[in-house]
Every structure is written in structure tokens, then in C-alpha cells.
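# Summary of the model geometry
Letter by letter, the chains look like this.
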Amino acid sequence: AKGEGKGQWRRYQPDLHTAITERLTLRTELDAALAGDQLDVEYQPIVALSSGHTVGFEALVRWNHPTRGRLGPQAFIDLAEESGLIEPIGEWVLRHAIEAAQSWQGNGRANRPYVSVNVSAWQFRNSTFADKVLAELTDHGVAPGLLMLEITESLLVRDDDRLWRDLARLRQAGVRIAIDDFGTGYSSLSYLRAVPLDVLKIDRQFTSTIAASAKQRALVDGIVRLAHTLGLEVIAEGIETSAESTLLTVLGCPYGQGYLFAKPLPLPATYAWLARH
Ligand code: C2E
Ligand code: CA
Ligand code: CA
Ligand code: CA
């Protein structure tokens, strides 16, 4: 058994070493990506389910890696958070998203969609986060009401005065705060009465099962009622079929996003999209 263990160690060691080396490489590359214009933002339409009219877009970051191709955030956001790079990356995404919102309201466009940006808990460690967001809006002449920030439940259970002050300040200025992936994180709902919130986003894990399961439908029904009672807007994520869209509408969910309507679009494609939706 002893020999086996040694053998295993010998077998696994190179893999562990490779994993660490790969991470270090990726971190260096991510640094370069930020400096070298390899990051990119796509925008997924958020629509009114009853009319199909576009009300906003969620900004989703991409990385055009020089050798590995186009990478989704799942491939590098964790690393960005661990390495502290999430702060400059987050600011980069925020600036581009606000520029996008500015471009959507130009040229006398009839509809002025909002932009919704994912914000990592780490970004709130910086005491100037709220200032930076508000300054960016002012610089681009974008009304705070056209910006939504998506945060997760895990962030809200933190006992962090600065975070709460920042959220309250942003919200007071008119920026809307959404809770992302609702129902997937912490089971305690007590934060809902304390946090300054505007929007609740129903996670895809609920959306994708409502057509098949009465229990899941009951859960979504409960979430939508809870949101309405608390005066929150609701957006369902990951809608892939018209059956899901119809059920959500019946349950009183007014807004949604998902492949049924559109995949995340490069910025230029959003203009053509807006002309039709
Ligand atoms: P999320 O905030 O839950 O974003 C929704 C994810 O679901 C996106 O994946 C989107 O492309 C995908 N999606 C949208 N509609 C559908 C659908 O109908 N079916 C399916 N199967 N998927 C759908 P993506 O772009 O890979 O982003 C993954 C996660 O990365 C996001 O999840 C978000 O948590 C994070 N993320 C993205 N951009 C940023 C960013 O700029 N900053 C931070 N901190 N996190 C980001
Ligand atoms: Ca999100
Ligand atoms: Ca989400
Ligand atoms: Ca999700």
C-alpha cells in the first residue's frame, strides 16, 4: 500500500505542477489581455415577455485569447478575483457598458435601453467604487437610471459597512441594484428586508425546469409573488423555449432573457437588434 501511495504521488505530482504553472501563465496572460485590448463585452437583450420589446442589455465579458480562442468568463473570472485583477477588469467592463448605453441613446433613438453590469464582491473593497461608477456615468452623460448593477446573494450576507453604504449611495443616485442568480445561494432571506434592492433575477436553474416540473413552477410562483410583495422587479434568466416564456408570463414574471430571444451580441449587432425590437 505504501508503494502504491508513492506511485500515486509520483503520478499526480506532475499534474499538480502543470495546473499551478497553467494558472500562473493564465494570470500573466490576463494581465496582458487587459493592457492589450483582448477583452471584449457582449450584450444580451432583456425583453418584456408580453411584447418582446427590449428594455435593456446585460453586459457579459469575453476574452479573445491569442492561442486559446474566445474565452467565456467562467474560464477566468475566478482567477481574476483571486489575483485582484477583477478590479481593473470590472472597471474596464463598466466603462464599456456605460459607453454602450450612451451609444444606444444617441441619434434620437426612441427606446433607451439600460445596461446591466455584473459586479464582483471584490470591487466593493475599493472605497472609491461608488464614486467611480457615478463619475463614469457623468462623464458619458448617461442617466444613473440607465445603469443596473448585478450582485450575488453571497455578497449581501457579508457584514460590510462600506459595501452597504456604497450600495445605498449608488441607489440614491438612481442606479438600480439587482440580485443575480436568486435562489441558488444562501437560504436565509432575511437580507431581503435590509438591502436596498430594485430587481430580482431568477436563475436559469429555475427557468429551465418550470415546463417539466410542477414543483419548480410552484417555486417560481413563490419567487415572483415575493418579489411583487417587496416591490421588486423580476427578470427570468436563461429562457430557451416559448413554453418557458409563456409559463413565466402566466406566473406574472414581466421580463426575461435567454437564447429564445437572443444570445449575447457584439455591440455593433445590438443596433440592428434595437431597430427590430
Ligand atoms: P450570469 O450573470 O448568470 O450570466 C448569464 C449567463 O448565462 C451568461 O453566461 C449567458 O451567456 C448565459 N445565458 C444567457 N441566456 C442563456 C440561455 O438561454 N441558456 C443558457 N444555457 N445560457 C444562457 P456567460 O456569458 O458565460 O457568463 C457567465 C457568468 O460570468 C455570468 O453569469 C456572470 O456571473 C459572470 N460574468 C460575466 N461577465 C462578468 C463581468 O463583467 N464581471 C463579473 N464579475 N462577472 C461576470
Ligand atoms: Ca448576471
Ligand atoms: Ca445570473
Ligand atoms: Ca446564473
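Bear in mind the structure is a predicted one, so any value in this text is a computation, not a measurement. Every chain's residues receive numbers from 1 upward, in the order its sequence appears when written. In the order they appear in the text, chains get letters beginning with A and ligands get numbers beginning with 1. Confidence filtering applies because this is a predicted model: local features only for residues at pLDDT of at least 70, side-chain atom pairs given and counted only at 80 or more, and all residues used for totals across whole chains, interfaces and linings. The side-chain quantities take in all heavy atoms of the structure and omit both hydrogens and water.

### Here's the deal with the environment of Gln105
When you line up the elements, Gln105 lands in the loop between α3 (86-104) and β4 (114-118). Any residue under 20% of the maximum accessible area for its type is buried, any over 50% is exposed, and the rest in between are partly exposed; the area is computed with a 1.4 Å probe on protein chains only. Classification of Gln105 by relative accessible area gives buried; the value is 16%. Each C-alpha atom, one on Gln105 and one on Arg176, is 18 Å from the other, the two residues being 71 residues apart in sequence. The contact criterion used is simple: two residues touch if any of their non-hydrogen atoms lie within 4.5 Å. Filtering out sequence-adjacent residues up to four positions away, Gln105 remains in contact with Arg112, Gly141, Val142 and Leu146. Segments assigned H or I by DSSP are reported as helices when at least four residues long, segments assigned E as strands when at least two residues long, and all are numbered from the N terminus.

### Remarks on the coordination of the calcium ion (ligand 3)
Distances define the donors: N, O and S atoms within 2.8 Å of the metal qualify, as do those within 3.2 Å of Na, K or Ca. Water is excluded, so some sites may look unfinished. Taken together, the protein donors to the calcium ion (ligand 3) comprise Asp180 (OD), Asp181 (OD), Glu237 (OE) and Glu237 (OE), at separations of 2.0 to 2.6 Å. Motif for the calcium ion (ligand 3), donor spacing along one chain: D-D-x55-E. Between the two metals, the calcium ion (ligand 3) and the calcium ion (ligand 2), the spacing is 3.6 Å, and Asp180 donates to both. Of this pair, Asp180 sits in strand β6 (residues 176-182) while Glu237 sits in the loop between β8 (233-236) and α10 (242-250), placing them 57 residues apart in sequence.

### A few points about the environment of Gly106
Among the structural elements, Gly106 can be located in the loop between α3 and β4. The spacing of Gly106 and Lys132 is 26 residues in sequence and 23 Å in space, taken between C-alpha atoms.

So far we have only geometry, and geometry alone does not tell us how the molecule works.
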